[in-house]
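Each chain, letter by letter, is given below.
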Amino acid sequence: MTQNRPQMVTIDGDAIPHLIEFCQANHLAKFCLVADQNTYIVLGEAVEEALRQQNFDLKKVVFTNAEVVADAHHIMRVLVEMDPQ
């Protein structure tokens with residue numbers, strides 16, 4: 001039986017460059033960025049910009065309501081946004 005090794009996670013000032021490096025090394029190119037408006041302002045906008053600069057295929061959902069929970073409404077909005085049509 002083959003075991004997958006856990007991938008290293010970076011939680012520091014170099015998180016975004018490490019994310020780009022990880023995606024390129026693992027041939028990942030399609031993303032859906034999901035955030036609330038606070039998270040988007042703090043880090044999501046910079047992540048979006050970095051992914052777009054590398055020409056990754058990116059869809060974005062930023063929730064603007066006061067409380068975001070993983071309920072049917074929010075999950076459906078993400079799924080609809082990801083639909084390739």
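Residues numbered from 1 in each chain as written. Predicted model: local features only at pLDDT ≥ 70, side-chain atom pairs only at ≥ 80, totals over all residues. Heavy atoms only, no water.

All right, on to the pairing of strand β1 (residues 30-36) then. As defined by bridge partners, β1 adjoins strand β2 (residues 57-63) across seven bridges and the pair is classed as parallel. Within β2, the residue paired with Cys32 across the bridge is Lys59. Note that the unit made of β1, helix α2 (residues 37-53) and β2 has a crossover that is right-handed. (Pairing = 2+ DSSP bridges. Helix = DSSP H or I, 4+ residues; strand = E, 2+ residues; numbered from the N terminus. Right-handed = clockwise from strand over helix to strand, strands pointing away.)

In this section: the packing of helix α1 (residues 15-25) against α2. Relative orientation of the contacting elements α1 and α2 amounts to 40°, with a least axis distance of 10 Å. With respect to each other, α1 and α2 are oriented oblique. Judged by the twist between their axes, the crossing of α1 over α2 is right-handed. Between α1 and α2, the contacting residues are Ile16, Leu19 and Ile20 on the first element and Leu43, Ala46, Val47, Ala50 and Leu51 on the second. (Axes fitted to C-alpha atoms, helices over the stretch in contact; angles between N-to-C directions. Parallel < 35°, antiparallel > 145°, perpendicular 65-115°, else oblique. Left-handed = near helix turned anticlockwise from the far one by under 90°. Contact = heavy atoms within 4.5 Å.)

On to a nonpolar patch on the surface, then. On the surface, Ile75, Met76, Leu79 and Val80 cluster together to form a nonpolar patch covering roughly 380 Å² of accessible area. Inspection of the secondary structure assignment puts Leu79 in helix α3 (residues 72-82). (Patch = residues over 30% accessible without salt bridge, like charges linked within 9 Å, V, L, I, M, F, W, Y side chains within 5 Å. Areas by Shrake-Rupley, 256 points an atom, 1.4 Å probe, with all protein chains shown as cover. Salt bridge = Lys/Arg side-chain N within 4 Å of Asp/Glu carboxyl O.)

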